[in-house]
Structures are given as structure tokens and as C-alpha cells.
Amino acid sequence: MITDKRLLRAEPSFRLLSKLWQVSWLYVLLICLLAGVGYGALYSAGGGSARPFAGPQSLRFGFGLIMMLCMAMISPRILVKLAWPLYLFSMVLLVAVLKVGHVGKGAERWLILGGFQLQPSELAKIALALALAAWFHKAGPERMGNPLFLIPPALMVALPVALVLKEPNLGTAVIIAAVGGSIFLAAGMRLWMIALLVAPLPFLGRIAYGHLHDYQRARITTFLHPENDPLGAGYNIIQSKIALGSGGMWGQGYLHGTQGQLNFLPEKQTDFIFTMIAEEWGLVGGLSVMALLLVMILGGMLMALRCRNQFGRLLGLGIAMNFFLYCVVNLSMVMGAIPVGGVPLPLISYGGSAMLTVMFGFGLLLSVYVHRDLRFGDADAEA
């Protein structure tokens, strides 16, 4: 009986109810819980009102939840075929941003489509993970040891990084490069190749610093010495640290955070929303949110590793790494550990593009888990 059940489970099923049963509903619950934390924080950021932040964000999440479950039903065989068109489409959008993009805070990062602001760099991260997984899922140890085989995927990473740097958006460019590098590593890239790539980074960093924009250099200077300009460039991070410290162990109480409610805390609905949570709920509340994020990251990686096909494993790990980098960069930024870079906290910060692309990524991750027993190789991918 046990053997029969395993055989039935191993057979790919195209029945909707069967696939819905295979969804990790515990992970869906964690996603909803994190979005609930975001709703509460945005409600507080709006001064105790669902407008202008919490209400629209909840509608986006509802749409994203439906999209996520629909994506979970799609077979990896289909995702392999969609990988390249989606990657090319995202590159076209990145080029379009440089031509007709909306300028915000000194950078061209958004396209206005039907009244909706789309940030193509967010989509590019997911598209890159799909394309790299599609490239490497055919690769055996022999191919991974051939440097010529790695040149095309390296160019696939370099192209979006260069376009995003042109906007300019250094933080997102670094995340895109890190997501690509993690998939290279997971695919079996040789350690000596990794060493060759990492060795020149300190020298390249010095060169890159000379080509940074003035505001990017100012961010680094402010990161090192925020007290030099407390009412100007250093204002954001100083106010963030004050809010974090004023929360104490248990916080000042929901809707009673002084820095947030009195509007001393900048960008409290986007970049610095975790600071407001920590001010109102204290160290205990902040650590609870961080624990929830950690559980979601580890859960995503475990779901990816349970997949029996290489495409699913690499795609799932790429999505989990993207979510991990979102969290690490934002939390490090608001705590003053790294320069401020404008990276939101996923499912908590206010924003349409980030919300929908994160939910799209979670849909791909759930698809990997739903079809975890599916096996397919070159023939299936090319059929």
C-alpha cells in the first residue's frame, strides 16, 4: 500500500484539486501573517487610518494572493518555456525606463502604465532567476567545469545589473548580482572559478567608487559619519536609530510611537517601516518579525531542496535568496549597518511593484513545491 501511494504521488497530476492539495498551506499562512503585520504597520503609519497606505496595500495583496495560487498550478515544464520570453521582456522594460522612465528622487526607476507605477528592476530579479534555472537545469558536472559554458549566463547577469546601475539604483543592482551568483553556486560552479571572480572585487570596488554619483558617495559618507550633517544627509539614519532605541523592550504601544506618529521618522511607510514597528512594539516585537522572516526564508529553501528536478531546485533557491536579500539589506539599512539604499521590506513596506513581484516569486516557489516529484530533462524541456 505504501509503495502504491508513493507511485501515485510520483505521477504528475493535472487535476486542479490534486494540485491544490499539494500546496504548502502552512507557507501560505506565513505569507498572510507577514502581510497582516504589514497591514498593521501601514495602518499606524497612516495615523490610525486605512488610508492612504493600508487599504490600497491590502487590495494589492489580495490580487497577489490569487496570482500566487494560480502560478502554483503551472508545471515547471511550462515555466522553462516561459523563462526566456519573460527575461527578454524584463530587459525591454529596463531599457524603456532609461528612455521614458518616471524620475523619482533623482533616479529613473519607474514606468507609468495605465496610472500604475511599475518598477522593472523588481521583475528583472525574478526573470533572471527563471532564465538561469532554465539554462543550468541541463548542465552536468562536465558542462559546469567548462568556462565557455558559463559565459552566456554571466552575460545574462551582467546585462540587468548594468541597466539598473544606469538608472541609477545601486542597491537593487547588488541584489540582482547576488541572486545570480547564488544560482551559479547552487548549479555547481567550481570553487576555483568562484575564487577567480571574487579576488579582484576589492580593486573593482575602488574603481567603482570613482564612478558613483554624488548622492551615492554622500550615502557612504553619511553612513560613516551621520553626525556631521544631522539635519541634512544624516537625518534619516539618526532618526531611525532614535526610534529603534526609544522602543525599549516592549515598545511605546501601538499607534503611540513618538518618532513615527509625530512624523520625525522619514519614509516610515516604505524604507523605515521596521523602525516604526520596533518603536511601537519594542525589541520583542522587532525580534518576532525577524523570526517570522527567518522561518519564511528557511522554509523557502527547504521547499526548493525537496524538488527532484534541477530546474525547480535552482529556481526555488533563487526566489528564496531574493527574499533573503530583501530582508537583510532593509534591516541592515535601518539599523545603520550599511548605507541607506532604498530597498523595501517585503510584504510590509508600502509599494505595488515590490508587493506583486514578491508574490509572483512566491507563486513560482509554490509551483516548485507542488511539482516537487516531477522529473524532466532535456527532451521534456525542448518538447
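Residues numbered from 1 in each chain as written. Predicted model: local features only at pLDDT ≥ 70, side-chain atom pairs only at ≥ 80, totals over all residues. Heavy atoms only, no water.

Chemist: Would you take a moment to explain the overall build of the protein for this structure?
Modeler: Secondary structure assignment for the protein yields 18 helices and three strands. Among the 383 residues that make up the protein, the fraction classed as buried is 48%. Long-range pairs, those at least 24 residues apart, make up 74% of the contacts in the protein with a sequence separation of at least 6. Within the structure as shown, the protein displays about 18300 Å² of accessible surface, and the carbon and sulfur contribution to it stands at 70%. (Helix = DSSP H or I, 4+ residues; strand = E, 2+ residues; numbered from the N terminus. Buried < 20%, exposed > 50% of the residue type's maximum accessible area, 1.4 Å probe, protein only. Contact = heavy atoms within 4.5 Å. Areas by Shrake-Rupley, 256 points an atom, 1.4 Å probe, with all protein chains shown as cover.)

Chemist: Even after reading the chapter, I still don't get helix 9 (residues 170-187), so can you show me in this structure?
Modeler: Between its terminal C-alpha atoms helix 9 stretches 26 Å, which fits the 26 Å expected from 18 residues at 1.5 Å a residue. When we look at burial in helix 9, the residues that qualify are Thr 172, Ala 173, Ile 175, Ile 176, Val 179, Gly 180, Ser 182, Ile 183, Phe 184 and Ala 187. Tucked inside the fold, the buried residues of helix 9 contact helix 6 (120-136), helix 7 (141-144), helix 8 (147-166) and helix 16 (310-334). Following helix 9 by one or two positions, Gly 188 adopts a phi angle in the positive range, close to 110°. (Expected span 1.5 Å × (residues − 1).)

Chemist: Just to check I follow, could you spell out a nonpolar patch on the surface for this structure?
Modeler: Together, Met 249, Trp 250, Leu 283, Val 284, Leu 287, Met 290 and Met 335 make up a nonpolar patch on the protein surface, roughly 670 Å² of accessible area in all. With respect to the helices, strands and loops of the structure, Leu 287 is situated in helix 15 (residues 273-305). (Patch = residues over 30% accessible without salt bridge, like charges linked within 9 Å, V, L, I, M, F, W, Y side chains within 5 Å. Salt bridge = Lys/Arg side-chain N within 4 Å of Asp/Glu carboxyl O.)

Chemist: Would you mind showing me how to read the side chain of Asp 271 here?
Modeler: Counting through the fold element by element, Asp 271 comes out in the loop between helix 14 (258-261) and helix 15. Of the residues examined, Asp 271 reaches a relative accessible area of 13% and is grouped as buried. In contact with Asp 271, other than residues within four places in its own chain, are Asn 330, Met 333, Val 334, Gly 342, Val 343 and Pro 344.

Chemist: What should I look at first to understand the packing of aromatic side chains in this one?
Modeler: Describing an aromatic ring pair means giving the distance of the ring centres and the angle of the ring planes. Under the defined criterion, the tally for this structure stands at nine aromatic pairs. Judged by centre distance (5.3 Å) and plane angle (55°), the rings of Phe 323 and Phe 362 are tilted. One end of the pair, Phe 323, is in helix 16; the other, Phe 362, is in helix 17 (residues 352-370), and 39 residues separate them in sequence. We note that Phe 323, like Phe 362, is buried. Members of the aromatic cluster, each reached through a chain of ring pairs, are Trp 84, Trp 135, Phe 136, Phe 149 and Phe 184. The ring of Tyr 369 carries the charged tip of Arg 372 above its face, separated from the ring centre by 4.1 Å. (Phe/Tyr/Trp six-rings, centres within 6.5 Å; stacked < 30°, edge-to-face > 60°. Lys NZ or Arg CZ within 6 Å of the ring centre and 35° of its normal.)

Chemist: What is the right way to look at unusual backbone geometry in this model?
Modeler: Glycine aside, a negative phi is what most residues show, and trans is what most peptide bonds show. Of note, the bond from Arg 51 into Pro 52 is cis; its omega dihedral lies within 30 degrees of zero at 10°. Mapping Pro 52 onto the fold places it in the loop between helix 3 (25-45) and helix 4 (54-72). In this model, Leu 255 sits at a positive phi of 70°, which is unusual for a non-glycine residue. Among the secondary structure elements, Leu 255 is positioned in the loop between helix 13 (235-246) and helix 14. One non-glycine residue, Asn 263, lies in the positive phi region at around 65°. Inspection of the secondary structure assignment puts Asn 263 in the loop between helix 14 and helix 15.

Chemist: Help me understand the nonpolar core in this model?
Modeler: Soluble globular proteins: nonpolar side chains tend toward being buried together. Grouped together as the largest cluster of nonpolar side chains are 103 residues, with contacts concentrated most on Tyr 27, Ile 31, Phe 136, Phe 311, Leu 315, Phe 362 and Leu 364. No other element matches helix 16, which puts 13 residues into this core. In contact with Ile 31, other than residues within four places in its own chain, are Phe 61, Met 68, Met 296, Leu 347, Met 359 and Phe 362. (Core = buried A, V, L, I, M, F, W, Y, C linked by side-chain atoms within 4.5 Å.)

Chemist: Would you mind going over the environment of Met 333 with me for this structure?
Modeler: Structurally, Met 333 is set in helix 16. Judged by its relative accessible area of 0%, Met 333 is buried. Separated by 110 residues in the primary sequence, Met 333 and Phe 223 have C-alpha atoms spaced 9.4 Å apart. Not counting the four nearest positions on each side in its chain, Met 333 is found in contact with Ile 237, Asp 271, Ile 338, Pro 339, Val 340, Gly 341, Gly 342 and Val 343.

Chemist: How do you make sense of the environment of Ala 54 when you look at a structure like this?
Modeler: In this structure, Ala 54 sits in helix 4. Residues Ala 54 and Ser 44, ten residues apart in the sequence, show an inter-C-alpha distance of 8.6 Å. With residues up to four places along the chain from it excluded, the contact list for Ala 54 reads Tyr 39, Leu 42 and Tyr 43.

Chemist: What is the right way to read the pattern of salt bridges from this model?
Modeler: Pairs may arise between side chains of opposite charge once their charged atoms sit close together. Tallied over the full model, the rule gives two salt bridges. A salt bridge links Lys 125 to Glu 122, with the nearest nitrogen and oxygen atoms 3.2 Å apart. Residue Lys 125 and its partner Glu 122 are located together in helix 6, separated by three residues, close to a single helical turn. Here Lys 125 matches Glu 122 in class, with each residue buried.

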